[in-house]
Amino acid sequence: MFPSFELFGKTIGIYAVAAIAGLFAAGLFACRTAKRRGQDVNDLIVLLLVSCIGVLLGSHLLYGLTNWGLLTIFFTHLPELVADGNFFGGLMEVFGGSVFYGGLLGGIAAGLLYARGRKNKMNLAQVTDIVAPAVPLFHMFGRIGCFFGGCCYGVESDFGFVYENSLVEAANGVRRFPVQLVEAAFNLLLFLLLAWLLKKGIARGRLFLLYLLLYSAGRFVLEFWRGDAIRGFVFGVSTSQFISILLFVTAAGVLVWQRLRSAKGVQGLPQE
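Residues numbered from 1 in each chain as written. Predicted model: local features only at pLDDT ≥ 70, side-chain atom pairs only at ≥ 80, totals over all residues. Heavy atoms only, no water.

**Focus: the overall build of the chain**
To keep it simple, the criterion reads: Segments assigned H or I by DSSP are reported as helices when at least four residues long, segments assigned E as strands when at least two residues long, and all are numbered from the N terminus. To sort residues, take the accessible area from a 1.4 Å probe on protein chains only and compare it with the maximum for the residue type: under 20% means buried, over 50% means exposed, and anything in between is partly exposed. Residues count as neighbours in contact if any of their non-hydrogen atoms are within 4.5 Å of one another. Under the convention used here, a 1.4 Å probe and the Shrake-Rupley method define accessible areas, while residue burial counts only the protein chains that appear.
Across its full length, the chain carries 10 helices and six strands. Within the chain, the proportion of its 272 residues that are buried is 43%. Counting only contacts in the chain whose residues sit at least 6 apart along the sequence, the fraction spanning at least 24 positions is 65%. Approximately 14900 Å² of the chain is accessible, and the part contributed by carbon and sulfur atoms is 70%.

In structure tokens form, the structure reads like this:
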């Protein structure tokens with residue numbers, strides 16, 4: 001499609017531009033929403049920045065773990081790579097890509113560690129309600145970047161687009177289903193739904209769990225139209241489908257548990 005462009009003699013990747021635009025849009029939405037709701041915007045910004053570190057680490061780590069063959073080769077030839085001064089080159093070959101689910105889990109872990117480690121505890125229910133719509137908003141931009149970059153490509157299809165300049169050579173020369181754009185549209189719908197629920201005060205304290213529930217279900221289905229098998233398979237399903245199942249079951253279980261406790265009138269839990 002259109003993986004990069006030249007600017008002042010530098011090659012700029014479309015995916016990077018889309019990701020930055022997504023971060024800006026998601027951050028702006030979260031900060032403006034927090035301000036309207038009377039919450040500390042500075043606290044939220046720090047939380048988001050810490051979560052971004054977790055996103056970067058988690059996305060690259062899961063990419064490396066799903067490339068088990070390259071990871072095995074890397075550790076097998078580690079002494080030679082160090083001796084030849086190619087250690088960082090080999091490391092980037094294994095961990096240079098990114099996987100959304102790794103970033104999502106890494107961001108959640110980093111955000112929770114920060115929130116729980118603060119001297120003055122944050123109200124996680126209020127914060128996660130704001131973050132819930134921001135995540136699919138960012139992800140929408142990211143998937144548009146994937147489409148233009150030619151990564152995360154779809155299966156061969158009579159309907160779709162033919163890549164000629166994809167950064168992933170395997171994607172080129174064959175008409176492929178635009179699964180990236182479908183997922184971008186799906187994320188836009190999730191953003192609009194969650195933003196509306198947040199505005200109406202529906203499912204307070206549960207919006208992020210609702211996001212995990214809906215996205216994991218949608219992602220499981222969309223994986224059938226993914227043509228890139230680089231992320232590997234677990235128990236007969238793709239790695240992302242396996243994670244989707246775990247997230248769906250976990251989110252559903254927590255939501256049911258919260259509903260049962262709320263029905264018993266436990267003080268301090270969010271009420272609808």
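Once you've had a look at it, read on.
**Comments concerning the packing of helix α8 (residues 179-200) against helix α9 (residues 207-222)**
For clarity, the threshold we go by: For helices, the fitted axis covers only the stretch in contact; all axes are lines through C-alpha atoms, and the angles between them, taken along N-to-C directions, range from 0 to 180 degrees. Convention used here: angles under 35 degrees read as roughly parallel, angles over 145 as roughly antiparallel, angles from 65 to 115 as roughly perpendicular, and any remaining angle as oblique. With the far helix as reference, a near helix turned anticlockwise by less than a right angle produces a left-handed crossing, and one turned clockwise produces a right-handed crossing. Note on residue categories: nonpolar means Ala, Val, Leu, Ile, Met, Phe, Trp, Tyr, Cys or Pro, charged means Asp, Glu, Lys or Arg, and polar means any other residue, Gly included.
Between α8 and α9, whose axes approach to 11 Å, the crossing angle comes to 160°. As judged from the angle between their axes, α8 and α9 are roughly antiparallel. The handedness of the crossing between α8 and α9 comes out as right-handed. Contact with α8, carried on its side by V179, V182, E183, F186, N187, L190, L193, L194, L197 and L198, involves L207, L210, Y211, L214, Y215, G218, R219 and L222 of α9 and no other residues of that element. Looking at the contact of α8 with α9, its residues break down into 14 nonpolar, two polar and two charged.

**Things to note about the nonpolar core**
Across soluble globular proteins, nonpolar side chains have a tendency to be buried as a group. Cut-off, in case you're wondering: In these notes, a set of buried Ala, Val, Leu, Ile, Met, Phe, Trp, Tyr and Cys residues joined through side-chain atoms within 4.5 Å is what counts as a nonpolar core.
Among the nonpolar cores identified, the biggest contains 43 residues, and L44, Y101, L104, F208 and Y211 are the most heavily contacted of them. Examining the composition of this core, we find that nine residues originate from one element, helix α7 (residues 124-149), more than from any other. Discounting chain neighbours no more than four positions away, the residues touching Y101 are L62, Y215, S216, R219, S240, I243, S244 and L247.

**Considerations on the state of the cysteines**
To keep it simple, the criterion reads: Disulfide: a pair of cysteine sulfur atoms within 2.5 Å of each other.
Under the definition given, this model contains zero disulfides. Lacking any disulfide linkage, C152 is separated from the closest cysteine sulfur, that of C146, by 3.7 Å.

**Side note on the side chain of S59**
Test applied: Residues adjacent in sequence count toward polar contacts only when both atoms are side-chain atoms; beyond that, a polar contact is any pair of N or O atoms within 3.5 Å, and within protein one must be able to donate a hydrogen and the other to accept it.
Here S59 shows up in helix α2 (residues 41-66). Note on S59: relative accessible area 8%, which makes it buried. Among the polar contacts made by the side chain of S59, one reaches the main-chain carbonyl oxygen of V55 at a distance of 2.9 Å. There is a polar contact of 3.1 Å between the side chain of S59 and the backbone oxygen of L56. If sequence neighbours within four positions are ignored, S59 has contacts with G97, S98, V99, G102 and G103.

**Section: the pattern of salt bridges**
Defined as follows: For this document, the term salt bridge refers to a Lys or Arg side-chain nitrogen within 4 Å of an Asp or Glu carboxyl oxygen.
What the rule picks out here adds up to five salt bridges. Between E183 and R219 there is a salt bridge whose closest N-O contact spans 3.9 Å. Placement of the pair is E183 in helix α8 and R219 in helix α9, with a sequence separation of 36 residues. No difference in accessibility class separates E183 from R219, as the two residues are buried. Taking the shortest distance from any N to any O, the salt bridge between D228 and R226 comes out at 2.9 Å. One exposure class covers both D228 and R226, and it is buried. Residues joined in a network through salt bridges with shared partners are R143, E183, R219, E223, R226 and D228.

**Regarding the environment of G205**
As for its placement among the helices and strands, G205 is situated in the loop between α8 and α9. Classification of G205 as buried rests on a relative accessible area of 15%. Once the C-alpha coordinates of G205 and L124 are considered, the two residues, 81 residues apart in sequence, prove to be 8.0 Å apart.

**Comments concerning the packing of α2 against α7**
Between α2 and α7, the shortest axis-to-axis distance is 12 Å and the interhelical angle comes to 60°. The orientation of α2 with respect to α7, classified from their angle, is oblique. Between α2 and α7 lies a crossing of right-handed hand. From α2, L44, L47 and L48 reach across to α7, where they touch V127, I130 and V131. A per-class count over the contact of α2 with α7 returns six nonpolar, no polar and no charged.

**Regarding unusual backbone geometry**
With phi around 55°, C152 is a residue other than glycine that occupies positive phi space. Summarising the element assignment, C152 is placed in the loop between α7 and β3 (156-162). Judged by its relative accessible area of 17%, C152 falls in the buried class. The residue A203 is not glycine, and still its phi comes out positive at about 60°.

**Considering the side chain of S244**
Tracing the sequence through the fold places S244 in helix α10 (residues 239-263). What S244 contacts, discounting residues up to four positions off in sequence, is Y101, S216, R219 and F220.

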